[in-house]
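If you want the building blocks of each chain, they are given just below.
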Amino acid sequence: MLLTLMKKECAQYLKSVTYYIFCICLALDFFTQMGEFDVPTKPEAGWESYGDVRTTDKDLIMQETLNKLWSEYSTGSYTTYPIGFYKRVQLDTAGEEKIAQIITNCTGMTEEEISAFKEEEKNIRESAMEKMLEEQGMEPGMIFENDLPDLDIPMKEGLTFDVFCQEMKKADNLLGGGSSYSEAELQSTTRPQTYEEALEEYNSFIKKDKITNAYARLFCDYMGIMLAMLPIFLAVSRVLRDRRAQAEQVIHMKSASSFSIILSRYLAAVLMSLIPVLVLSCCPLLQCMYYADRIGEAYDLFAFVKYTCFWLLPHILITLSVGFFVTEITDSVAAVLIQGIWWFVSVFMSIGNLVGLCGWNLVPRFNSVGDYPIYEQMKEQLFKNRLMYTAVSIVLLLLTVLVYSKKRKGEFASVRARFVNRKNKLEV
Amino acid sequence: METQICLHGVNKFYGTKQALKDIDLTIPQGMFGLLGRNGAGKTTLMKVMATLLPVNSGEIDICGVPVTNAAKIRRMTGYLPQDFSMYGNMTVYEAMDYLGVLSGLSKQERKERIPKLLERVNLQNNYRTKVKAMSGGMRRRLGIAQAILHDPKVLIVDEPTAGLDPEERVRFRNLLCEMAEERIVILSTHIVGDIEATCENIAIMDYGEILFKGTVMELLALAEGSVYTAEISKMELEQIKQEYLVTGQLVQGSHVTVRFLLREPMQELFDGATPCEVNVEDAYMYLMYRERGDASCF
């Protein structure tokens, strides 16, 4: 029965306008975001730059971060991205004093020494500007803050990374979160990449990722954003359809178990959400295969299927589960709002770190082709993340079956009537 | 297995509002009519029997199975709700097939039964008609076909003729009578004519209570000797309405033929009033007046 019901549900999706809008949105996202097929080129010795790479060098992280804090403290203006949106923070005198204290704790400098340092930096920057104006014939408006030299602030002797992180956390809290001093930002400190490293990264792309896996991750990044939201519409419209079609009571009266009814609807929604994703994945797969053939390298034919099932399927499962559960319990479109807020927070919180952000985020990010070492680092957490969302989806699905089963027996109707009666009494 | 439905001391509350009050009823095989005005509790009683609503107290046995055993009851009961419809973009056949799967029928069973049932409800030429394109009468016929798709022992139909044109109503009533030959059919309605034309056993409900239960003949006997007709002038009509319970009036020129009920058994009559045969409508009105003392409906 389950399979037959599922087939019938799938057939219903094929007649649904909502489903075609879902497919069009996915396709639009894919074609506008994935863009052209840009393949990383093999680095050659002697290039001016090989790009930047994340560093794990604690001294460098501390120095870069402290320089940044000093720079923002000097101007009295701090840039933050709470839930992903740009925000300029200006602290009051007490706040500034606390930042100064943090700098003192990290540098070991007194306030006077800090002022002297500030003066020295100012002089250096002024002379650098004069030099640029005179020697290079530049106009004042053509010189940007970033073009001027920064002084490395001396670090306090014996300052450990843990203590530094704690100090930065204090600064981040003072600024309301999402600042350059948050843990995620510390982890994404970069340094210039060397030729050897660039070559190794390229080799990883060709040999370890077999081209296809690297593109599959990028594909998952873009599709994941959409699949953490769009399937909610399929779920909500499916659940509300019975009531809208006045078919609710007839279906409730049939002998099929609540488990079969809900599971068939859920699995059909999962399958129908997966199909366009798999179809779209054929485009980059074919491009990768063509490229790999051209350069005589191997490719992984199942890379996109593998990543779709491992990375994107939990997106679909959790979004549909939330949709089924909330809609079944509220008989409204509240699930769209709930998922929308969750999606919004998750996507915009990751704006500061688009490559390798995972944690317990609904939408793990990996907006890069290659970066195999970063993927290696996040893989374990990504696995845990996906497993957790799959488990939550199953729990929500079982709860949906329970709610549906109670609704079929009219148990929710009594609760609702009691509520309405009470409301009427209050109004009287 | 016994073919009857027994309700004993059934009470149902919606919050603090009591929708069913101590219902005791036995429904035998055949057509059973549940009559009452809108809001009398008919639909609630139907839903309770169809396992769609839980009761607060009391017992219900459907052919020997307690109503708490929802899975078993659903296998042996067909239900046509008042506002039946299906997904608009499904065709008649698809809707039947989908509901057949939900009823646990195999592919073979569905293939055999659906064409037969669609023919029985005169929808054999509408296999490909979309549900959204069907008229009210066609939808009701589809509703009845889906309700008996799994050959249930009990068929519960809630207000099936409301909104149908006279021709469609007659066709539908005949269809229900055919169904009742092999099962219990409970027909809920506020249209007295439906009951008169189809049911032998009936119950009359009002404010969640059973006011009457028995055969149609027993109901008619209640009003025996209380129904009269007379030809009066238009001028006298208002006075007659004050003194008697007028159930019908036919104006013919300056004269009116009135049909009325006595307010009391020994009420004095005027010249020209002649006794006439009681119909279900008279008996129903008489009962409502007797039990509720409410003449506002006259």
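Our structure's up above, just so we're on the same page.
The text that follows walks through the structure, step by step, so that each part is easy to find. (Residues numbered from 1 in each chain as written. Chains lettered and ligands numbered in written order. Predicted model: local features only at pLDDT ≥ 70, side-chain atom pairs only at ≥ 80, totals over all residues. Heavy atoms only, no water.)

1. Observations regarding the overall build of chain A
Looking only at helices and strands, chain A features 16 helices and four strands. Projected onto the principal axes, the alpha-carbon positions of chain A cover approximately 85 × 75 × 45 Å. Expressed as a percentage of its 428 residues, the buried residues of chain A come to 49%. Counting only contacts in chain A whose residues sit at least 6 apart along the sequence, the fraction spanning at least 24 positions is 77%. (Helix = DSSP H or I, 4+ residues; strand = E, 2+ residues; numbered from the N terminus. Buried < 20%, exposed > 50% of the residue type's maximum accessible area, 1.4 Å probe, protein only. Contact = heavy atoms within 4.5 Å.)

2. Let's talk about the nonpolar core
Counting residues in each nonpolar core, the largest one holds 148 residues, and the members touching the most others are Met86(B), Ile144(B) and Ile204(B). Setting aside its immediate chain neighbours within four residues, Met86(B) contacts Ala245(A), Ala247(A), Ala95(B), Tyr98(B), Leu99(B) and Val131(B). The next biggest cluster of nonpolar side chains, apart from the first, holds 32 residues, and it includes Leu45(B), Met76(B), Val154(B) and Ile184(B). (Core = buried A, V, L, I, M, F, W, Y, C linked by side-chain atoms within 4.5 Å.)

3. Structural notes on the sheet that holds strand E14 (residues 274–275) of chain B
All names here are of chain B. The four strands are arranged E12-E13-E11-E14 in an open sheet whose pairing can be described as antiparallel. Of all strands in the sheet, those with a lone pairing partner are strand E12 (245–252) and E14, marking the two edges. Where strand E11 (residues 227–233) and strand E13 (residues 255–261) come together, seven bridges link them in antiparallel fashion. Paired with Tyr-228 across the strands is Phe-260, a residue of E13. Against the sheet, helix H10 (residues 280–292) engages E11, E12 and E13, with an angle of about 60 degrees to E13. (Pairing = 2+ DSSP bridges. Axes fitted to C-alpha atoms, helices over the stretch in contact; angles between N-to-C directions.)

4. With respect to a negative patch on the surface
Residues and elements named next belong to chain A. A cluster of like negative charges, contributed by Asp-92, Glu-97, Glu-111, Glu-112 and Glu-113, occupies part of the molecular surface. Per-element tally for the negative patch: the top contributor is helix H5 (residues 111–135), with three residues. Counting through the fold element by element, Asp-92 comes out in the loop between strand E3 (87–89) and helix H4 (93–107). For Asp-92, a relative accessible area of 52% translates into the label exposed. (Patch = residues over 30% accessible without salt bridge, like charges linked within 9 Å, V, L, I, M, F, W, Y side chains within 5 Å. Areas by Shrake-Rupley, 256 points an atom, 1.4 Å probe, with all protein chains shown as cover. Salt bridge = Lys/Arg side-chain N within 4 Å of Asp/Glu carboxyl O. Lys, Arg positive; Asp, Glu negative; His and termini not counted. Charge placed at Lys NZ, Arg CZ, Asp CG, Glu CD.)

5. Observations concerning the packing of aromatic side chains
Counted by the stated rule, this structure contains 22 aromatic pairs over all chains. By the ring-pair criterion, three or more aromatic residues cluster together here, those being Tyr13(A), Tyr19(A), Tyr20(A) and Phe22(A). A cation over a ring is seen here: Arg217(A) above Tyr375(A), with NZ or CZ 4.4 Å from the ring centre. When the ring centre of Tyr87(B) is taken as reference, the NZ or CZ atom of Arg241(A) above it lies at 4.1 Å. (Phe/Tyr/Trp six-rings, centres within 6.5 Å; stacked < 30°, edge-to-face > 60°. Lys NZ or Arg CZ within 6 Å of the ring centre and 35° of its normal.)

6. Some points on the pattern of salt bridges
Oppositely charged side chains are able to pair whenever their charged atoms sit close together. Applying the stated criterion across every chain yields a total of 31 salt bridges over all chains. A salt bridge links Glu297(A) to Lys207(A); its shortest N-O distance comes to 2.9 Å. Here the residue Glu297(A) occupies a position in the loop between helix H12 (258–295) and helix H13 (303–330), and Lys207(A) occupies one in helix H8 (residues 195–208), the gap between them amounting to 90 residues. Owing to a relative accessible area of 52%, Lys207(A) belongs among the exposed residues under this scheme. Between Glu167(B) and Arg171(B) there is a salt bridge; the shortest N-O distance is 3.6 Å. On the criterion of helical spacing, the pair formed by Glu167(B) and Arg171(B) is a turn pair, its members being four residues apart in helix H6 (residues 166–179).

7. Details of the packing of helix H3 (residues 92–102) of chain B against helix H5 (residues 136–147) of chain B
All names here are of chain B. Following both chains from N to C, one finds H3 and H5 inclined at 30 degrees, their axes separated by 10 Å at the closest point. Classed by the angle they form, the pair H3 and H5 counts as roughly parallel. You can see that H3 and H5 cross each other, and the crossing is right-handed. Of the residues in H5, those in contact with Val-92, Met-96 and Leu-99 of H3 are Leu-142, Ala-145 and Gln-146. (Parallel < 35°, antiparallel > 145°, perpendicular 65-115°, else oblique. Left-handed = near helix turned anticlockwise from the far one by under 90°.)

8. A closer look at the interface of chain A and chain B
The partner chain B presents 35 residues to the 33 residues of chain A that form the contact. Approximately 3000 Å² of surface area, both sides summed, lies buried where chain A meets chain B, with 58% of it carried by carbon and sulfur atoms. Taken together, chain A and chain B are joined by two salt bridges. Lys15(A) is the partner of Glu94(B) in a salt bridge, and the nearest nitrogen-oxygen pair spans 2.6 Å. Where chain A packs against chain B, one counts 17 residue pairs in polar contact (both at pLDDT 80 or more). Listing elements by their share of the side of chain A that touches chain B, those giving two or more residues are helix H1 (2–13), helix H10 (231–244), helix H11 (248–253), H12 and helix H16 (411–427) of chain A. In terms of residue count, H16(A) provides more of the side of chain A that touches chain B than any other element does, seven residues in total. (Buried area = accessible area lost by both parts, 1.4 Å probe. Polar contact = N/O pair within 3.5 Å; in protein donor to acceptor, adjacent residues only side chain to side chain.)

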